[in-house]
Amino acid sequence: MAVVLNDAPWSTEPYSIQRHGVEITSCDSEPVQTPGCIQSHGVLVAFRLVDLSVLQVSENAGRLLGVDAHYLLGKPLTALLGEAGARRLQVFLTSEPVDRNPLYWRTLTLGEVPAAFHLIVHSNDQVGLLELEPAEPDAADPDYYSLVKKSMVRLQAARGVHEFCQIACDEVRQLTGLDRVLAYYFHEDGSGEVIAEARREELHSWLGLHYPAHDIPQPAREIFKRTWIRPLPDASRALAEMVPLANPDNGRGLDMTYCSLRGASVMYTEYLRNMNVAASLTMSIRHAGSLWGLIAGHHGTATPFSWQLRAACELLAQTVSLQLASVEAREHECYGARMQAVHLATLARVARDGDLSKLVDPEPSLLEGIHCGGAAVYHQDKWSTVGSVPGPSELTELAAWLRPRVSSAATPQPLFATDRLAEAYPAAAEYANAASGVLAVPLSKTARDLVLWFRPAITSTVSWAGNPTESPTVPGPHGPRLTPRASFALWQESVQGRALPWTTAEREAALYLRTLIMDLVVGRVEDLTAVNAELASSNAELDAFAYVASHDLKEPLRGIHRHAALLKQEIQAGRTLDAQAIARLETVTRLTVRMDGLLDALLHFSRVGRLELQPHLEDLNAILTESIEMLGTLAADARCAIRIPRPLPRVLGDRVRIREVFTNLISNGIKYNDKAERWVEVGYIAPDESTELPLASDTPTVRSQTIYYVRDNGIGIAVKHRAQVFGIFKRLHRRDAFGGGSGAGLTIARRLVERHGGLLWLTSAVGEGSTFYFTLTAAEPEA
Amino acid sequence: MSPHTTASILVVEDSDEDFDTTADAAAQLPVPCALVRVLTIDDALAALKTGQQFRLVILDNSLPCDEGHVFLRALRRHPVHWRTPVVAFTASGRQPERDVLYAAGVNSFHVKSVSYEENLWTLETILTYWLRAVAD
């Protein structure tokens, strides 16, 4: 960890890179703004703003200017610039915005040497700064203005952040002629990633390289937030210390934040040397007050960066920063729109099919919306998944863990998101590659149903080949740590078990999808599920129809075929139309009638399922009278008495259908009866009557309703057959026994009662008789 | 009558027409055989208890009330009748029904046709095969 500042060796005197240096462990507290040293290709002069007297001078003044640093100390700047020069500087200082803003002033020949210097002027907190850089003789600088202007046009054409950064790298490389230009992006955790690169062809690519946050220490980041450009033309050149190290006015080290000559940390220069980089030029990319990333230029040999070039790069860096905001906003907008489009498309399918599992069907599935490696939907007790997800039992366990974390009681937003699942839920370590990150939203208050998105471990998605041969054979004093390879390895370690974080936009998209599902779909799904269940049951009925058609309808057909075939044979054999032949024809006729009856019953049953009831308040006595009339002579022929112990109540129901229920039940009571004195009794039990009844459905809800019954003293129904009697075309007896019948009567009666919302059930004793009970209203839900 | 000369065949069939076709087929056989007809599963179960032995059972699976497999399982557990071949001759040949019957130990499964000639041929073939070609 960072060393506490008070313990640092420079806590008692101003810091100097040359004197103190830093170690890997202390570089986070290195006072890089006051390094005490400058790059020795130039000279730095610090002077008091109020009287232009020299406060500090870099020790190399004697070598470069032929004027000893100590000679200048305390003297007015006229000692260096002459009277006229100092006056002009005074004017420049007052007329130009030089505060924390280095500006080129002029090029002069100074001191005892004939060489010309570019003079850069700025000020910071009562201290004036004069940076003297040797002017390259015969340096004809290109038309930077036109170059940068072209670069801006190219940048404006970029459609996404990556393309934008790529163009920025290309333009910077073209402008500077450096061997390699990289664009770093700083992730939320501070780690860096190379997202774009322009390089000489023979160099190996660094694209995709990641490095941990501490590779660029916090103090260095602070400087990059304030300056646009950081030149280091010769990383291996010796440093020149300031004389004196402390500003005599305040006793502090000189703040060189804005100095292009500022000396570089030994950590940085060692890293560069380990990469065989001799010169570097770094620009900051800032976005909304924070450091978004860097553009880093590297060169294999020392190379001067003229102030004109630096000014051009600075302008480019500012442009990049300004435009990045809109490119990023546009990209976010596109991503947001795409997430929404995908979610709406999947929802449309869900709404159409009434099935939430359609969220993961292609195309598009949830996979194409929020960036993820896999997605899973839990609905109606089953998982539907797409992409790379944990196994079903692992999903179920994870869901159990997630539910209390996404329920509305636990969190203001019904959402759970983590980019390091295994830290909170260790079992997830088993499938970290598929699901290091999870984003979960519940589809109901109880969070029983869920939508989950999974993100793989970063390490499983990022590969950086690097190049072992690029590692230095003899690394610097701090060993191989200060190399891209070690950085990458450390970064890999630091993101172990982690996924890319879920962005605000992604969370919002997930929540919005949830809202849509709950508001628009869940209700609809429930409707559709009910419709589907009905469809399924009518499909089952249709299936039963088909079964019956193949079964019962073919039976008379076989008989018809048989007699027709035999008749033909017999006639061909020369037989005349005798009594047997007539009997065959009569059988054929009889069989067609039976088949007609079966078809009628089938059609009727199918209609019963479809018809709309027309309920009115009806007098049940009148309905009963009608149904007995419809039975015609059936009761009389069987010498069966119809008993009605007391008048029936009024009822809300469909007159025709209730009549049919009575007809079916009464005719069964008459037909399935072998007693000498047959009787059928029709009555009811009022809700308040505590009649003792062995009711199959003797529940409070049924008890709160009026129960109607049809009782007979017939043959009874054995317990094992009680369910079968309601099956369509199920007969308990052979076709012609007990007056025949299609076997659809009880099925239809039950169906009609159910259409009224009621229940139909029976009790029976074999040989003694049966009682069929029914209700005609839906049971009130139990309080 | 000796069982070797006259074979008794239990026919579980509730359709008169279909039984008549079975009788037609039996009449074509060179070997005399006696058909014992029952119309329900209950009656078929009762027939197992009469002491009469059967060379073959022809079972219509589409009977009212219980399904044929109930009878079939009872027969396979019966100390005397357990080895009697049972051939299903039935109106519906859906896979689940076939599975149930085969699981219960049916020897073969045949689906009734609407064509009289075809049914006759099927029944003749069944009878010829099980009465003549298969050893006890």
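Residues numbered from 1 in each chain as written. Chains lettered and ligands numbered in written order. Predicted model: local features only at pLDDT ≥ 70, side-chain atom pairs only at ≥ 80, totals over all residues.

What follows is about the packing of helix α3 (residues 68-77) of chain B against helix α4 (residues 95-104) of chain B. All names here are of chain B. The contact between α3 and α4 brings their axes to 9 Å, and the two run at 10 degrees. With respect to α4, the axis of α3 lies roughly parallel. Remark: the crossing between α3 and α4 carries right-handed chirality. The segment α3 lies against α4, with Gly-68, His-69, Leu-72 and Arg-73 engaging Val-100, Leu-101 and Ala-104. (Axes fitted to C-alpha atoms, helices over the stretch in contact; angles between N-to-C directions. Helix = DSSP H or I, 4+ residues; strand = E, 2+ residues; numbered from the N terminus. Parallel < 35°, antiparallel > 145°, perpendicular 65-115°, else oblique. Left-handed = near helix turned anticlockwise from the far one by under 90°. Contact = placed C-beta atoms within 7 Å.)

Bringing the confidence of the model for chain B into the picture now. On average, residues of chain B carry a pLDDT of 85, and 90% of them reach 70 or more. In the predicted complex, the global pTM is 0.56; the interface-specific ipTM is 0.78. (pLDDT = per-residue confidence, 0-100.)

Quick look at the pairing of strand β8 (residues 192-199) of chain A now. Within a regular beta strand, the side chains point alternately toward one face of the sheet and then the other, so they alternate between its two faces. Residues and elements named next belong to chain A. With seven bridges joining them, strand β7 (residues 180-186) and β8 adopt antiparallel strand pairing. Looking at the pairing, Val-181 lines up with Ala-198 of β8. Linking two consecutive strands that pair antiparallel, namely β7 and β8, is a turn of five residues; a positive phi of about 90 degrees is found at Gly-190 within it. Bridge count for β8 against strand β9 (residues 210-211) is two bridges, and the pairing is antiparallel. Note on β9: the bridge partner recorded for Gly-192 is Tyr-211. (Pairing = 2+ DSSP bridges.)

The next subject is the environment of Thr-227 of chain A. Residue and element names in this part refer to chain A. Within the element layout of this structure, Thr-227 appears in the loop between α7 (218-226) and β10 (229-232). Between the alpha carbons of Thr-227 and Glu-314 there is a distance of 8.9 Å; along the sequence they are 87 residues apart. Contact partners of Thr-227, with chain neighbours within four places excluded, come to Thr-257, Tyr-258 and Ser-284.

All names here are of chain B. Read from one edge to the other, the open sheet built from five strands follows the order β2-β1-β3-β4-β5, with strand pairing classed as parallel. The sheet terminates laterally at β2 (33-38) and β5 (108-111), the two strands that pair on one side only. The mean angle between the axes of side-by-side strands here comes to 20 degrees, regardless of whether they run parallel or antiparallel. Taken together, the four bridges between strand β4 (residues 86-90) and β5 define a ladder with parallel strand orientation. Each residue of the ladder has a partner; that of Val-87, found in β5, is Ser-108. Contacts from α3 reach β1 (7-12), β3 (56-59) and β4 within the one sheet, and its direction differs from that of β4 by about 175 degrees.

Next up on the list: unusual backbone geometry. Residues and elements named next belong to chain A. Look at the link from Val-243 to Pro-244: it is a cis peptide, with omega at -10 degrees. Turning to its location among the elements, Pro-244 is positioned in the loop between β11 (239-243) and α8 (266-274). The phi dihedral of Leu-52 falls on the positive side, at around 55 degrees, and the residue is not glycine. Considering the arrangement of structural elements, one finds Leu-52 in the loop between β2 (43-48) and β3 (54-58). For Leu-52, a count of 19 C-beta atoms within 10 Å corresponds to the partly exposed category. In this model, Asp-125 sits at a positive phi of 55 degrees, which is unusual for a non-glycine residue. Relative to the helices and strands, Asp-125 is located in the loop between β5 (116-124) and β6 (127-134). On the basis of neighbour count, Asp-125 is assigned to the exposed category, with 11 C-beta atoms found within 10 Å. (Buried ≥ 20, exposed ≤ 12 C-beta atoms within 10 Å, placed from the backbone.)

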